[in-house]
Amino acid sequence: MRIALYTLGCKVNQYESQAMEALLLARGHHLVPFTDQADVYLINSCTVTATSDKKSRQAVRQARKRAPEALVALCGCYPQVSPEAAKELEADLIGGSGDRRAFLDLIEQVAAQREKTVALDNPFHRAGFEPLPAGGLEGRTRGMLKVEDGCTNFCAYCIIPYARGGVRSLPKAVAVEQTAQLRREGYRELVFTGIEISSWGHDLKTGETLIDLLEAVSAAGDMRLRLGSLEPRTITEDFCRRASKLPNLCPHFHLSLQSGCDETLRRMNRKYDTARFYQSVTLLRAYFDRPAVTTDLICGFPGETEEEFARTLAFIEKCGFAAMHIFPYSIRPGTKAAAMEQLSAAVKERRAARAAEVASQMHRAYLEGCVGQVYPVLFEQEKDGYYTGHAPNYCETGVRGEDLHNKVLNVKITGTDGDMLVGELT
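Being a predicted model, the structure only gives us computed values, none of them experimental.

1. What about the overall build of the protein?
Next, step 1: Secondary structure assignment for the protein yields 13 helices and 19 strands.
Next, step 2: Dimensions of the protein, computed from the C-alpha atoms along their principal axes, are close to 65 × 55 × 45 Å.
Next, step 3: Every one of the 426 residues in the protein was classed for burial, and the buried ones make up 54%.
Next, step 4: Here the analysis covers contacts within the protein between residues at least 6 apart in sequence; of these, 73% occur between residues at least 24 apart.
Next, step 5: One way to put it: in the protein the 52 positive side-chain charges average out to a point 2 Å from where the 54 negative ones average out.

Next up, the structure:
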């Protein structure tokens with residue numbers, strides 16, 4: 001069958017979609033663009049915001065309109081959280097966020113029988129991690145390895161625990177095996193991804209944590225290792241001491257902040273305060289040479305006062321982040337925060353803009369501090385007259401050159417071009 005796949009949402013969804021693509025090809029199916037005529041339209045949905053829900057619904061409707069006789073299959077976090085709303089859509093098959101192989105079985109079954117099917121489970125009843133084929137972006141430069149699924153933090157603004165269930169970890173031996181396979185396939189960098197990778201190992205009851213997994217994978221192949229988003233609690237003296245000894249670990253650490261005010265963090269039901277967060281930043285800078293510490297920030301969370309927001313601005317300046325993702329708070333129906341007293345859209349947008357100004361200044365300062373440094377750059381593509389790739393700190397870096405794809409070469413940074421570092425091959 002000709003199958004078109006459309007993916008919304010996070011890197012975990014992207015990982016799971018590329019795994020489904022690999023499994024479909026292995027079954028003899030053909031992949032076509034979502035805008036083409038297909039026998040099956042597969043939508044891997046997202047539900048992190050109300051806007052994500054809307055986009056998921058729109059994708060189903062677009063597929064049905066494009067090919068009325070085709071099979072439309074919807075899976076992912078949206079139907080997992082909103083099954084009744086999903087059933088109102090014109091999808092022939094509805095699944096959830098788990099057991100991707102079984103969902104592909106159902107696609108083949110429903111395509112043959114043409115009976116509308118709903119296959120949803122309780123994500124909190126899932127036992128064990130579902131290993132999927134590891135892989136990555138076209139060109140085999142950067143591969144992704146999903147090492148964890150689920151979350152039990154229950155932050156006040158987040159619906160994802162209800163979409164993904166509890167923490168489930170990829171066994172260490174399987175992670176090592178998949179890492180070695182990706183290296184044989186030619187990948188030069190491996191990105192750890194998951195819903196909440198800081199909790200890796202919690203369910204395995206072996207006493208091992210993320211740093212144990214990192215050490216094992218580091219020894220499995222000479223690829224650069226890059227971590228996804230981390231909770232501040234991950235960054236301990238022991239973690240930093242051991243991680244700093246890994247020669248292929250990229251010194252880029254994305255620590256989820258969300259607010260720089262303790263009162264706001266408590267309303268968010270975050271599991272740390274600003275003192276613990278700053279301790280993590282300090283430890284990283286003590287053990288790594290100019291690490292890129294990046295973060296996320298939500299502006300205008302319910303109840304946030306001007307004084308609380310001022311504390312947040314002061315705190316992010318204190319941390320001196322290399323880069324930030326900044327969002328005005330968005331109501332997610334079904335969460336605790338949705339029932340709180342809301343701030344106006346204008347206040348949220350204004351605060352996000354003010355935070356973005358501070359973030360831009362810090363980002364510029366970090367880039368300028370890279371001038372004169374020499375970084376090994378993994379080159380990926382030609383862009384705007386440069387051959388570009390990423391340094392270990394995840395800064396995009398460009399040089400004048402040709403035929404550099406998937407090579408790791410040392411670059412001396414001579415300046416910047418917008419948000420990109422530029423330099424010369426050494």
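From this point, the discussion proceeds with the structure in view.
2. A look at the pattern of salt bridges
Next, step 1: Scanning all chains against the criterion turns up 33 salt bridges.
Next, step 2: In this structure, the salt-bridge partner of R233 is E196, at a minimum N-O distance of 3.2 Å. Residue R233 is located in the loop between β11 (224-226) and α9 (237-243), and its partner E196 is located in the loop between β10 (189-194) and α8 (210-218); the two are separated by 37 residues in the primary sequence.
Next, step 3: Accessibility expressed as a relative area gives 39% for R233, which makes it partly exposed.

3. A closer look at unusual backbone geometry
Next, step 1: For F154, which is not glycine, the phi torsion reads 50° and is therefore positive.
Next, step 2: Tracing the sequence through the fold places F154 in the loop between β8 (142-149) and α6 (160-164).
Next, step 3: Residue F154 is classed as partly exposed on the basis of its relative accessible area, which comes to 32%.
Next, step 4: At N269, a residue that is not glycine, the phi angle is positive and equals roughly 65°.
Next, step 5: Mapped onto the elements of the fold, N269 is located in the loop between α10 (262-268) and α11 (274-287).

4. A word on the sheet that holds strand β15 (residues 374-383)
One key point about sheets: their strands pair by backbone hydrogen bonds, in either a parallel or an antiparallel sense.
Next, step 1: Here 5 strands make up a closed barrel; going around it, the order is β15-β16-β17-β19-β18 and the pairing mixed. Neighbouring strand axes in the sheet, compared pairwise and without regard to direction, differ in orientation by 50° on average.
Next, step 2: Bridge count between strand β16 (residues 386-390) and strand β17 (residues 396-399): 4 bridges; the pairing is antiparallel. Along β17, the bridge assignment pairs Y387 with V399.

5. Looking at the side chain of R242
Next, step 1: Structurally, R242 can be placed in helix α9.
Next, step 2: Judged by relative accessible area, which is 18%, R242 ranks as buried.
Next, step 3: For R242, the side chain forms a polar contact with the side chain of E215, separated by 2.8 Å.
Next, step 4: In this structure, R242 is in contact with I211, D212 and E215, ignoring residues within four places of it in sequence.

6. A look at the nonpolar core
Next, step 1: In terms of nonpolar packing, the biggest core is built from 83 residues, with F192 and L227 touching the most fellow members.
Next, step 2: Beyond its immediate stretch of four places on either side in the chain, L227 contacts F192, I197, L210, L214, F239, L249 and F253.
Next, step 3: If you look at the next biggest cluster of nonpolar residues, it comprises 20 residues, including Y41, V60, A63 and A86.

7. Structural notes on the sheet that holds strand β5 (residues 93-95)
Next, step 1: The 6 strands are arranged β2-β1-β3-β4-β5-β6 in an open sheet whose pairing can be described as parallel. The open sheet has two free edges, formed respectively by β2 (30-32) and β6 (117-119), since each of these has just one partner strand. Each strand axis lies, on average, 20° off the axis of its neighbour in the sheet, ignoring direction.
Next, step 2: Strand direction decides the pairing type here: strand β1 (residues 2-7) and β2, joined by 3 bridges, are parallel. The residue of β2 that forms the bridge with A4 is V32.

8. Brief notes about the packing of aromatic side chains
Aromatic rings in a pair are described by how distant their centres are and how their planes are angled relative to each other.
Next, step 1: In the structure shown here, the tally under the stated rule is 13 aromatic pairs.
Next, step 2: Ring centres 6.0 Å apart and planes at 65° place the aromatic pair F277 and F315 in the edge-to-face group. In this pair, F277 sits in helix α11 while F315 sits in helix α12 (residues 306-319), placing the two residues 38 residues apart along the sequence.
Next, step 3: Given a relative accessible area of 0%, F277 falls into the buried group.
Next, step 4: Between F301 and Y329, the ring centres sit 5.4 Å apart and the planes meet at 75°, which makes this aromatic pair edge-to-face.

9. Digging into the side chain of S256
Next, step 1: By secondary structure assignment, the location of S256 is in strand β12 (residues 252-258).
Next, step 2: Looking at S256, its side chain comes within polar contact range of the side chain of R270, at 3.0 Å.
Next, step 3: Once you skip the residues sitting within four places of it in the chain, S256 turns out to touch S229, L230, E231, P232, R270, Y272, F277, T295 and D296.

Rules used throughout
- Residues numbered from 1 in each chain as written.
- Predicted model: local features only at pLDDT ≥ 70, side-chain atom pairs only at ≥ 80, totals over all residues.
- Heavy atoms only, no water.
- Helix = DSSP H or I, 4+ residues; strand = E, 2+ residues; numbered from the N terminus.
- Buried < 20%, exposed > 50% of the residue type's maximum accessible area, 1.4 Å probe, protein only.
- Contact = heavy atoms within 4.5 Å.
- Lys, Arg positive; Asp, Glu negative; His and termini not counted.
- Charge placed at Lys NZ, Arg CZ, Asp CG, Glu CD.
- Salt bridge = Lys/Arg side-chain N within 4 Å of Asp/Glu carboxyl O.
- Pairing = 2+ DSSP bridges.
- Axes fitted to C-alpha atoms, helices over the stretch in contact; angles between N-to-C directions.
- Polar contact = N/O pair within 3.5 Å; in protein donor to acceptor, adjacent residues only side chain to side chain.
- Core = buried A, V, L, I, M, F, W, Y, C linked by side-chain atoms within 4.5 Å.
- Phe/Tyr/Trp six-rings, centres within 6.5 Å; stacked < 30°, edge-to-face > 60°.

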